[in-house]
Structures are given as structure tokens and as C-alpha cells.
Amino acid sequence: MAVEPEASEELLAPLLGVLPAGPARLVARPHAVAVDRVEGASVEAIGWPEELHRRAAEWVGAGRRLSGGVIARLVGDTLLLRQPAAAPAR
């Protein structure tokens with residue numbers, strides 16, 4: 001997965017806006033977004049319409065590594081975004 005230009009990531013801006021720092025996973029389907037955190041899962045009240053979901057899914061395809069290290073994948077018709085844990089300090 002190559003790092004893509006930030007302009008292309010704009011499709012995912014509403015999702016990236018609710019993805020917390022630190023280890024987390026976001027699951028998005030049209031009109032439904034949930035975030036799994038260490039503290040537990042939550043449903044996010046954001047607008048995620050079918051057309052935007054379709055366009056983002058086409059762009060993500062089999063997978064993309066976004067700026068900031070977020071990994072985006074399409075599984076069936078579900079978008080998965082994973083924010084990895086920060087690397088430990090050395």
C-alpha cells in the first residue's frame with residue numbers, strides 16, 4: 001500500500017475526523033459509522049451518505065496507507081480504517 005496524496009484522502013475526511021489518536025478501528029457503511037477504541041465501541045453521529053461511501057470505497061479499493069499511518073481497506077461493502085498504536089519511544 002503506497003502513501004497517496006492528501007487531496008485524495010479528502011473523500012475520507014468525515015471518517016478521519018472521528019478516528020481517535022492511538023489504537024482504534026473505524027467501521028463505515030452507508031449511514032452507519034462505528035469506532036472501536038480500547039475503552040469500548042461507539043456509534044458516531046456523522047453524515048456518511050451512500051454516494052460518498054461508494055466514491056470512497058472505489059478510491060480505497062484493496063487498501064491504502066494514508067498520511068499519519070492510518071490504514072484503509074474495503075471488505076465487502078464496508079470501509080475499515082485502522083489507526084495503529086504509536087511506536088514506542090526508543
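Residues numbered from 1 in each chain as written. Predicted model: local features only at pLDDT ≥ 70, side-chain atom pairs only at ≥ 80, totals over all residues. Heavy atoms only, no water.

Engineer: Please give an account of the pairing of strand β2 (residues 32-37) that cites residues and values.
Structural biologist: Where strand β1 (residues 24-29) lies against β2, six bridges are found, and the strand directions are antiparallel. Counted as the bridge partner of L26 is V35 from β2. Between the antiparallel neighbours β1 and β2 lie two residues, among them H31 with a positive phi of about 70 degrees. The loop that links β2 with its antiparallel partner strand β3 (residues 40-44) comprises two residues. (Pairing = 2+ DSSP bridges. Helix = DSSP H or I, 4+ residues; strand = E, 2+ residues; numbered from the N terminus.)

Engineer: Could you give me a rundown of the side chain of E44, with the residues and numbers involved?
Structural biologist: Relative to the elements of secondary structure, E44 occurs in strand β3. A distance of 3.3 Å separates a polar atom in the side chain of E44 from a polar atom in the side chain of R37. Filtering out sequence-adjacent residues up to four positions away, E44 remains in contact with V18, V33, A34, V35 and R37. (Polar contact = N/O pair within 3.5 Å; in protein donor to acceptor, adjacent residues only side chain to side chain. Contact = heavy atoms within 4.5 Å.)

Engineer: Any chance you could break down the nonpolar core for me, citing the residues and the numbers?
Structural biologist: One broad rule of soluble globular proteins: the nonpolar side chains tend to lie buried together. Core analysis: the largest hydrophobic core is formed by 20 residues, its most contacted members being L12, L15, L26, A28, W48, L79 and L81. Contributing elements (two or more residues each) for this core: β1, β2, α3 (50-60) and β6 (78-83). Residue contributions to this core peak at four residues, all from α3. If we ignore the near neighbours within four places in the chain, the residues touching A28 are L15, V33, W48, H53, D77, T78 and L79. (Core = buried A, V, L, I, M, F, W, Y, C linked by side-chain atoms within 4.5 Å. Buried < 20%, exposed > 50% of the residue type's maximum accessible area, 1.4 Å probe, protein only.)

Engineer: Outline the pattern of salt bridges, supporting the account with residue identities and numerical values.
Structural biologist: Scanning the model with the defined rule gives four salt bridges in all. With a shortest N-O distance of 3.3 Å, E44 and R37 are connected by a salt bridge. Residue classification places E44 among the buried positions, given a relative accessible area of 18%. E58 serves as the salt-bridge partner of R54, at 2.7 Å between the closest nitrogen and oxygen. Of this pair, R54 and E58 both sit in helix α3, four residues apart, which is roughly one turn of the helix. Given the relative accessible area of 39%, R54 is considered partly exposed. Taken together, the shared-partner salt bridges in this structure form one network comprising E51, R54 and E58. (Salt bridge = Lys/Arg side-chain N within 4 Å of Asp/Glu carboxyl O.)

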